[in-house]
Amino acid sequence: PMGGVVGFPTNYADLDVYVAETQTGRINFGGAYNSENGIVGQFTIDERNFDIWGFPKNFRDIWNGNAWRGAGQTFRLELVPGRQVQRYLVSFSEPYLFNTGISFSSSAYLFDRRYFDWSEQRLGGRLALGYRLTQDLSVSAGIRMENVKLYDLRQGDPSTPYELERSKGDNDLFMAHFGLIRDTRDHPYMATEGTFFSMTFNQGFGKYDFSKLLFGFFYL
């Protein structure tokens, strides 16, 4: 038991707790070269405690890293310029949309790749909503909207597939998906036990209509 002033409880003590937030964001610069893709550069901003409404009040907020931080959202900006391959991506996710159990994620991207027989450009975006039914079970639904452009096809090559010739130019692709996930892992990134099961149905429409049903499972 602890001593104290007469008339006051002696089994209590005042504690001062100081908590420092860990590093939640990173900025990467880099580059690479290989015979397949040539020279590419890379610039990435990744923040796992983003706040889309956390505008800076002054330059010090930006310098100290307090701007656009603190709401538990996720933000990623990726720039990969190159001659043969280039990719640009921006994504944002909110785990508790309007303080509810609904999650929201979105992204926009541009991908351009030069192959031997043709060049391909994909410009699009994704929107998705998710909801956790129980601690281990969640559902999701979303849509991907994409414009696929095929150009610079090899001319006069009799081996060029008919499907490739027919798809030359702009092609609109829309993909709706509905997913179910059961995740009992003890950690999403460094799990030591548990199971993960996913089932996703995809329905493509636009210039091409097709369906896909995907399953995934692993056990620790």
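Residues numbered from 1 in each chain as written. Predicted model: local features only at pLDDT ≥ 70, side-chain atom pairs only at ≥ 80, totals over all residues. Heavy atoms only, no water.

(A) Examining the overall build of the chain more closely. Check the secondary structure of the chain and you find two helices and 10 strands. What you see in the chain, going N to C, is helices and strands ordered as β-β-α-β-β-β-β-β-α-β-β-β. For the chain, whose C-alpha radius of gyration is 25 Å, the value lies well above the compact-globule estimate of 17 Å for 220 residues. Overall, the C-alpha framework of the chain stretches about 100 × 40 × 35 Å when taken along its three principal axes. Taking contacts inside the chain between residues at least 6 apart in sequence as the whole, the part at least 24 apart equals 44%. Surface summary for the chain: the accessible area is close to 15,900 Å², and the carbon and sulfur share equals 59%. (Helix = DSSP H or I, 4+ residues; strand = E, 2+ residues; numbered from the N terminus. Rg over C-alpha atoms; globule rule 2.2 N^0.38 Å. Contact = heavy atoms within 4.5 Å. Areas by Shrake-Rupley, 256 points an atom, 1.4 Å probe, with all protein chains shown as cover.)

(B) Examining the packing of aromatic side chains more closely. Taken as a whole and assessed by the stated rule, the structure comprises eight aromatic pairs. With a centroid separation of 4.9 Å and 20° between ring planes, the pair formed by phenylalanine 50 and phenylalanine 75 is classed as stacked. Of the two residues, phenylalanine 50 sits in strand S2 (residues 38-50) while phenylalanine 75 sits in strand S3 (residues 73-80), which places them 25 residues apart along the sequence. Note on phenylalanine 50 and phenylalanine 92: the rings are 6.3 Å apart at their centroids and 75° apart in plane angle, and the pair reads as edge-to-face. Taken as a pair, phenylalanine 50 in strand S2 and phenylalanine 92 in strand S4 (residues 85-94) lie far apart in primary sequence, 42 residues in all. (Phe/Tyr/Trp six-rings, centres within 6.5 Å; stacked < 30°, edge-to-face > 60°.)

(C) View of the pairing of S4. One ladder, built from seven bridges, connects S3 with S4; its direction is antiparallel. Across the sheet, valine 80 pairs through a bridge with arginine 87, a residue of S4. The hairpin turn running from S3 into S4, its antiparallel successor, is four residues long. Note that S4 and strand S5 (residues 102-114) share 10 bridges and pair antiparallel. The partner of valine 90 across the bridge, within S5, is alanine 108. (Pairing = 2+ DSSP bridges.)

(D) Summary view of the pattern of salt bridges. All chains considered together, the criterion is met by 10 salt bridges. A salt bridge links aspartate 46 to arginine 76; its shortest N-O distance comes to 3.3 Å. With aspartate 46 in strand S2 and arginine 76 in strand S3, the pair connects residues that are 30 residues apart, well separated along the chain. Overall, arginine 76 belongs to the partly exposed group, its relative accessible area being 23%. (Salt bridge = Lys/Arg side-chain N within 4 Å of Asp/Glu carboxyl O. Buried < 20%, exposed > 50% of the residue type's maximum accessible area, 1.4 Å probe, protein only.)

(E) Representation of the sheet that holds S5. Pairing within the open sheet is antiparallel, and its 10 strands lie in the order S1-S2-S3-S4-S5-S6-S7-S8-S9-S10. Pairing within the sheet leaves two strands with one partner each, and these edge strands are strand S1 (25-34) and strand S10 (210-219). Averaged over all neighbouring strand pairs, the angle between strand axes comes to 15°, with direction disregarded. Relative to S2, S1 runs antiparallel, the two being bridged by 10 bridges. Note that in S2 the partner of asparagine 28 across the bridge is threonine 44. (Axes fitted to C-alpha atoms, helices over the stretch in contact; angles between N-to-C directions.)

(F) Local environment of the side chain of serine 198. Positionally, serine 198 belongs in strand S9 (residues 195-206). In this view, serine 198 contacts Leu180, Ile181, Leu214, Phe215 and Gly216; residues no more than four positions away in its chain are not counted.

(G) Inspection of the pairing of strand S6 (residues 119-132) at higher detail. Here S5 runs beside S6; their pairing, made up of 13 bridges, is antiparallel. Directly across from alanine 108, in S6, lies its bridge partner glycine 125. Where S6 lies against strand S7 (residues 137-151), 14 bridges are found, and the strand directions are antiparallel. Looking across to S7, one finds that leucine 129 is bridged to alanine 141. Here S6 folds back onto S7, and the loop between the two strands holds four residues.

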